Amino acid sequence: DPYANEPVRHKALKINGNKPFCAEPSPSLLVESFLTPVPFFYVRNHLPVPKIELKDYTLELAIEGTTKKTLDFKTLKKYEKKTITAAVMCGGNRRSEMSKVKQLKGINWNVGAVGNATWTGVRLCDVLKDLGVNEDAFNHVQFEGHDLDPSGMSYGASIPISKAMDPRADVILAFEMNGETLSQDHGFPVRVIVPGVVGARNVKWLSKINISKQESQSQWQQGDYKGFSPSTTWDNVDFSKSPAIQEMPVVSAICDPQDTDTVEIKNGKIEVKGYAWSGGGRKIIRVDVTNDKGKTWHTADLTEDLQANEGRHWSWSLWNVELPVDKKSRVVEIWAKAVDSSYNVQPESFNNIYNIRGLLCNAYHKIKVQLKQ
Ligand code: MTE
Ligand code: MO
C-alpha cells in the first residue's frame, strides 16, 4: 500500500477522502484564530505523502528541461530569509454548495478548504536571479513535487514567469509554517507559496523548478483546475480552450453559526462570523451581510493583516457582525458577500457560475438558522 506511511492527523479534521488524504476543519474552528493552527489547516493531497530526509533533500533547477544547478537544503537556506502571511485556498473550496445546482465530480469541500498562515523561506525571485534567467526569453516557471503516481509521474503545476520573478509578488520557497518546520502533510521540507493564487500551484515537497516557454504539462495544469461555462458538459468539454486558474476571485463564507444551527438572541441580535479573501493581493474592503434577502445590508467589522503593503493583501480577513432579528421569526436566512479593492463582488447565486469541475465556487454564502425561543 503506497499509503502505508502517511502522517498522523488531528482528529478535528473532517476527512473528505483517505487515499489520497483530503480533510478540512469545521467552519467554527476555522474562524477562531487569524492564523490557522497547523493541525487544523486543511490538507489536499493528490498522491501518497512522500517521506523525505532533510539530508537527502535536493532541489533541481532547470531551464527547458536541462539541469543547471542542484541545491541541497543548506545551500537553499543561505538565501535571505523572508516571511509572509498568506491564505492558501483550494480551487474547489465550497464545492458542496455548487453541487446543489447539479451533480459534480470532485471532493465535496465545505467552506474549510482554506487556511491562513505565516510562511518563512527564501524568495523564488532571488533563486531565479542567481540562475541568470532572462525573464523575456521564457513564459512559465514549472514546479514538480516529490510525490509520485504509480507510473512515476510527479505532481506538477506552473505559474507565469512575471509572477515568479516579481519581488513584490512574494513567491516563497517555504520551509516554515507559523514559525515551525513545515509538517509532512504541508510539504516538508520545502513547498512553494504563490500568494493570491489557487492552492494547486502551491506545490508541496518541491523537487524541481523548470523555466520554460510552456506551462507545466501535468494533468493538474492542463486537464483540471480550469473554469467553464455552465453549459459545458463532460461530453463537449475541451480543456485546451480554458486557461489554467491562477489568481482567485473574491469570496467569503459564513462560518459561525452554520447552516441549520440553532442560535441564541442577545439584546435582539445574533452574532455572525466568517472569512473573506480575494486573489492577486486584492484587499477585502467590505463584507455585507443581510438577513432579509438584501433589503437591508449590515457591514461587518474586519480583522485583517495591518502590515500588508498596497496590492499585497495575501491574508484572509476575518469578519463579524451583529444582525438585529425579529424574535417571532423562527427561521432566519443569512447571506454574506465580500467586496475587494477592485470593487469585484461575489455573484449572487451558483446557477450562473456552475462548472463541471466545481471550481471557483464564490457565490454569496447563504445559510438558514433557527432562533432559540
Ligand atoms: N503539491 C503536491 N506536490 N502534491 C499535491 O497533491 N496539492 C495542491 C497543492 N500542492 C498538491 C500540492 C492543492 S490542489 C492544494 S489546494 C494545496 O497544495 C493544498 O495545500 P495544503 O495541503 O498544505 O493545505
Ligand atoms: Mo486544491
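Residues numbered from 1 in each chain as written. Chains lettered and ligands numbered in written order. Predicted model: local features only at pLDDT ≥ 70, side-chain atom pairs only at ≥ 80, totals over all residues. Heavy atoms only, no water.

Draft legend 1. How the structure looks around the overall build of the chain. Counting its regular elements, the chain contains six helices and 22 strands. Rg of the C-alpha trace for the chain: 21 Å, near the compact-globule value of 21 Å for 373 residues, within the 12% margin. Each of the three principal axes of the chain carries a C-alpha extent, and together these read 70 × 45 × 45 Å. Summarising the internal contacts of the chain: among those between residues at least 6 apart in sequence, 71% fall at separations of at least 24. Carbon and sulfur atoms provide 46% of the accessible area of the chain, an area that totals close to 16500 Å². Across the chain, the centroid of the 47 positively charged side chains sits 2 Å from that of the 44 negatively charged ones. (Helix = DSSP H or I, 4+ residues; strand = E, 2+ residues; numbered from the N terminus. Rg over C-alpha atoms; globule rule 2.2 N^0.38 Å. Contact = heavy atoms within 4.5 Å. Areas by Shrake-Rupley, 256 points an atom, 1.4 Å probe, with all protein chains shown as cover. Lys, Arg positive; Asp, Glu negative; His and termini not counted. Charge placed at Lys NZ, Arg CZ, Asp CG, Glu CD.)

Draft legend 2. How the structure looks around the nonpolar core. The biggest cluster of nonpolar side chains holds 78 residues, and the ones touching the most others in it are Trp-119, Val-141, Leu-173, Leu-206, Ile-209, Ile-211 and Tyr-275. Residue contacts for Leu-173: discarding those within four places in its chain leaves Leu-59, Leu-76, Thr-120, Gly-121, Val-122, Leu-124, Val-127, Val-190, Arg-191, Val-192, Leu-206 and Ile-209. By size, the runner-up hydrophobic cluster in this structure holds 22 residues, among which are Val-263, Ile-284, Val-289 and Leu-371. (Core = buried A, V, L, I, M, F, W, Y, C linked by side-chain atoms within 4.5 Å. Buried < 20%, exposed > 50% of the residue type's maximum accessible area, 1.4 Å probe, protein only.)

Draft legend 3. Spotlight on the pairing of strand S10 (residues 172-177). Counting buried positions along S10 yields six of six residues, so the element is predominantly enclosed. With five bridges connecting them, strand S7 (residues 114-123) and S10 associate as antiparallel partners. Note on S10: the bridge partner recorded for Gly-121 is Ala-174. Note: S10 against strand S12 (residues 191-193), three bridges, orientation antiparallel. In the strand pairing of S12, Ala-174 is matched with Arg-191. Strand direction decides the pairing type here: S10 and strand S11 (residues 180-181), joined by two bridges, are antiparallel. The residue of S11 that forms the bridge with Glu-176 is Thr-181. The turn linking S10 back onto S11 is made up of two residues, and Asn-178 within it adopts a positive phi angle of 50 degrees. (Pairing = 2+ DSSP bridges.)

Draft legend 4. Fine view of the site of ligand 1. Neighbouring ligand 1 are 19 residues, the closest being Tyr-42, Asp-147, His-186, Arg-191 and Lys-204. Tyr-42 is positioned such that a nitrogen or oxygen atom in its backbone is 2.7 Å from an oxygen atom of ligand 1. Contacts to ligand 1 include Arg-44, whose backbone N or O atom sits 3.0 Å from an oxygen atom. Considering ligand 1 on its own, with 530 Å² of exposed area, one finds that the protein chains cover 100% of that surface. (Near = heavy atom within 4 Å. Polar contact = N/O pair within 3.5 Å; in protein donor to acceptor, adjacent residues only side chain to side chain.)

Draft legend 5. Local environment of the pairing of strand S20 (residues 317-324). The sheet contact formed by strand S16 (residues 269-277) and S20 spans eight bridges and is antiparallel. Within S20, the residue paired with Ile-270 across the bridge is Leu-323. Bridge count for strand S19 (residues 301-303) against S20 is three bridges, and the pairing is antiparallel. Within S20, the residue paired with Thr-303 across the bridge is Leu-318.

Draft legend 6. Representation of the environment of Pro-50. Examined against the element boundaries, Pro-50 turns out to sit in the loop between strand S3 (43-44) and strand S4 (58-63). Judged by relative accessible area, Pro-50 falls into the buried class, the value being 12%. Contact partners of Pro-50, with chain neighbours within four places excluded, come to His-146, Asp-147, Gln-184 and Trp-205.

Draft legend 7. Spatial organisation of the side chain of Lys-163. Position of Lys-163 relative to the elements: it lies in helix H5 (residues 161-165). Ignoring anything within four residues of it in the chain, the contact list for Lys-163 reads Ala-169, Val-171, Val-194, Pro-195, Val-197 and Glu-247.

Draft legend 8. Representation of the packing of aromatic side chains within the structure. Tallied over the entire structure, the rule returns eleven aromatic pairs. Judged by centre distance (4.9 Å) and plane angle (85 degrees), the rings of Phe-228 and Phe-239 are edge-to-face. Here Phe-228, found in the loop between helix H6 (219-222) and strand S14 (251-256), pairs with Phe-239, found in the loop between H6 and S14; they are eleven residues apart in sequence, far enough to count as distant. With respect to class, Phe-228 is no different from Phe-239; both count as buried. Between Trp-234 and Phe-239, the aromatic rings sit 6.3 Å apart at their centres with planes inclined by 40 degrees, giving tilted as the arrangement. Counting every residue linked through ring pairs, the aromatic cluster contains Phe-41, Tyr-42, Trp-109 and Trp-119. (Phe/Tyr/Trp six-rings, centres within 6.5 Å; stacked < 30°, edge-to-face > 60°.)

Draft legend 9. Region of interest: the pattern of salt bridges. On inspection of all chains with the given rule, the structure shows 23 salt bridges. The closest approach of N and O atoms between Glu-6 and Arg-9, which form a salt bridge, is 2.8 Å. You'll find Glu-6 and Arg-9 in the same group, each marked buried. Residue Asp-130 is joined to Lys-69 by a salt bridge in which the shortest nitrogen-to-oxygen separation is 3.9 Å. Of this pair, Asp-130 sits in helix H4 (residues 124-130) while Lys-69 sits in strand S5 (residues 66-72), and the two are 61 residues apart along the sequence. What makes Asp-130 partly exposed here is its relative accessible area of 48%. With a relative accessible area of 27%, Lys-69 lands in the partly exposed category. Beyond isolated ion pairs, a larger network of salt bridges with shared partners links Lys-163, Glu-247, Arg-282 and Asp-340. (Salt bridge = Lys/Arg side-chain N within 4 Å of Asp/Glu carboxyl O.)

Draft legend 10. How the structure looks around the confidence of the model for the chain. Chain-level statistics for the chain give a pLDDT mean of 97 and a share of 100% at 70 or above. Interface predicted TM-score (ipTM) for the complex: 1.00; the corresponding pTM is 0.98. (pLDDT = per-residue confidence, 0-100.)

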